[in-house]
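# Remarks on the overall topology
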Amino acid sequence: MNNDITSRIPPNDKDAEQAVLGAVFLSQDALIEAMEYVDADDFYQHANQLVFQAMMNLNDEEEPVDVVTVQNELDRANQIEDIGGVSYLAELASAVPTAANTTYYAKIVKNKSTLRRLINAATGIVTRSFEEDDDVDSIIDMSEKEIMDVSENRNHKGFRRISDVVKSSFEEIDKLYDQDSDVTGLSTGYKDLDDMTTGLHKDELVILAARPGVGKTAFALNLAQNAATKSNATVAIFSLEMGAESLVNRMLCSEGSIDANSLRTGKLDENQWNSLVVAMGSLSRTNVYIDDTPGIKMAEIRSKCRRLLKESGHLDLVIIDYLQLIEGTGQENRQQEVSVISRNLKKLAKELHCPIIALSQLSRGVEARQDKRPMLSDIRESGSIEQDADIVAFLYRDDYYRDEDGDGDNNDQGEPEDQDVGEVEVIISKNRSGPRGTAKLLFVKSYNKFSSIANIPEN
């Protein structure tokens, strides 16, 4: 390892650290300001760590914070000599003339602390890589986690005054009042679904679940197409199961209403060729990006989304097919891993400020019931998924279960060969910001295409 790097003094600012502590001696309110950004471990000088911890202890006990009380607190812990004696406290008390810039100094201390954490994480990564004691995947997983921990430690927000939030809320409501549509988010392209959700909203995690073969991938691709072609949205698709070419072929079939089997075999008639050319042109003009990396990890998804956001200027929708195929760290059981992945997807939606649709498998328990419409408890591997999600939607097709002998585990079982067009229920079982209910759509299997249909009145 390069000695020029390891022998260098880690980033720190002695003057900023002393300024924070000195400001607290001038005003106890300064301690409250400082604690919003730093804790004792963020100080580089050990003496400053001890002094700040003593100040926080006094604050917790609702005692005044001054030179005398801090000295007594340090005496009680047998730490007064560790900081250099009472003379150091007197030096701190005269470090700054005013407590007005406490926040500024605290941010400097925090930034230096973050750099030190980053250096420590990177040094650990380099050391493990040289030692080669673990397999490469384990080293990469541990490295990703350590870097993410540094980032999460840095990204935090304080309180916002309600008057500021009310003002921004009013501005948003006023903007919505002036628009003609009731869809306030990104339109799904399906009126009944938009009526319940008012579109896909920023910061939302949407879970779309169904049994294998029901059509959740096709539906997600239709949502991506509608967003990209009708709303000019930038869409990122992570396909962990299918290759990019297979996804695009499905999108071409849907966009051009082309029979999927004809496209697979290349046996297209003249009308289909014309439709294919038009569909290719339409999709080529969209801002849809596909990543088909198998076994991708959350850290990679986050990194790629942030890069795409930076390069394109905006990211309006992220689709992940599907959640259970995202690889975990390998350090917990699978249910715990899925819980962590689900929680991180919600964090990512808030960080990117865009909706994320994550597809999910359902357990076999749904097959055992007489009414096979999915419920929240059917989501496979983790109950925390439904807790993290803002919207949970299920796809249900009655014709999928019409064959009593089929268990529905592949694309053919339970589906009569001659039925190409069928009704699909999109069941909204959880909706944090709106009503629950069912939207009925038409699904043309040969085109991989969903369409809106008029509501059928109950008899």
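Residues numbered from 1 in each chain as written. Predicted model: local features only at pLDDT ≥ 70, side-chain atom pairs only at ≥ 80, totals over all residues. Heavy atoms only, no water.

- The chain is annotated in an unreviewed UniProt entry as Replicative DNA helicase of Companilactobacillus kimchiensis.
- The annotation that UniProt attaches to the chain under Sequence similarities (unreviewed entry) is "Belongs to the helicase family. DnaB subfamily." (UniProt positions renumbered as here; feature names shortened; annotations may be inferred.)

### Considering the sheet that holds strand E8 (residues 437-444)
- Read from one edge of the open sheet, nine strands run E3-E2-E4-E5-E1-E6-E7-E8-E9, paired in mixed fashion. Here the strands that pair on one side only, and so sit at the sheet edges, are strand E3 (287-291) and strand E9 (449-452). Neighbouring strand axes in the sheet, compared pairwise and without regard to direction, differ in orientation by 25 degrees on average.
- Most of the contacts of helix H12 (residues 244-256) go to E3, to which it runs at about 145 degrees, and overall it touches strand E2 (234-239), E3 and E9.
- In this fold helix H15 (residues 298-312) packs onto E2, E3 and strand E4 (317-321), with an angle of close to 155 degrees to the strand it touches most, E2. (Pairing = 2+ DSSP bridges. Helix = DSSP H or I, 4+ residues; strand = E, 2+ residues; numbered from the N terminus. Axes fitted to C-alpha atoms, helices over the stretch in contact; angles between N-to-C directions. Contact = heavy atoms within 4.5 Å.)

### Observations regarding the pairing of E2
- Of all six residues in E2, six are buried; the element is thus mostly enclosed.
- Neither face of E2 is open: one carries Thr234, Ala236 and Phe238, the other Val235, Ile237 and Ser239, and all of them are buried.
- Inspection of the sheet shows E2 paired to E3 by five bridges, in the parallel sense. Looking across to E3, one finds that Ile237 is bridged to Ile290.
- Sheet topology note: the E2/E4 ladder contains five bridges and is parallel. From the neighbouring strand, Ala236 faces E4, where its bridge partner is Val318. (Buried < 20%, exposed > 50% of the residue type's maximum accessible area, 1.4 Å probe, protein only.)

### Topic: the packing of aromatic side chains
- Throughout the structure, instances matching the rule amount to five aromatic pairs.
- Judged by centre distance (5.7 Å) and plane angle (65 degrees), the ring pair of Tyr104 and Tyr105 falls under edge-to-face.
- Centre to centre, the rings of Phe443 and Phe450 are 4.3 Å apart; their planes meet at 20 degrees, and the pair counts as stacked.
- For Phe450, a relative accessible area of 3% corresponds to the buried category.
- Members of the aromatic cluster, each reached through a chain of ring pairs, are Tyr190, Phe219, Phe443 and Phe450. (Phe/Tyr/Trp six-rings, centres within 6.5 Å; stacked < 30°, edge-to-face > 60°.)

### Notes on the pairing of strand E7 (residues 421-431)
- Among the eleven residues in E7, nine count as buried, and that is most of the element.
- Sheet topology places strand E6 (residues 391-396) next to E7; six bridges connect them, and they run antiparallel. Bridge pairing in E7 links Tyr396 to Glu425.
- Direction of pairing for E7 relative to E8: antiparallel, over a ladder of eight bridges. The residue bridging Glu425 from the neighbouring strand is Lys440, located in E8.
- Taking the residues that link successive antiparallel strands as the turn, the E7-E8 hairpin has five residues.

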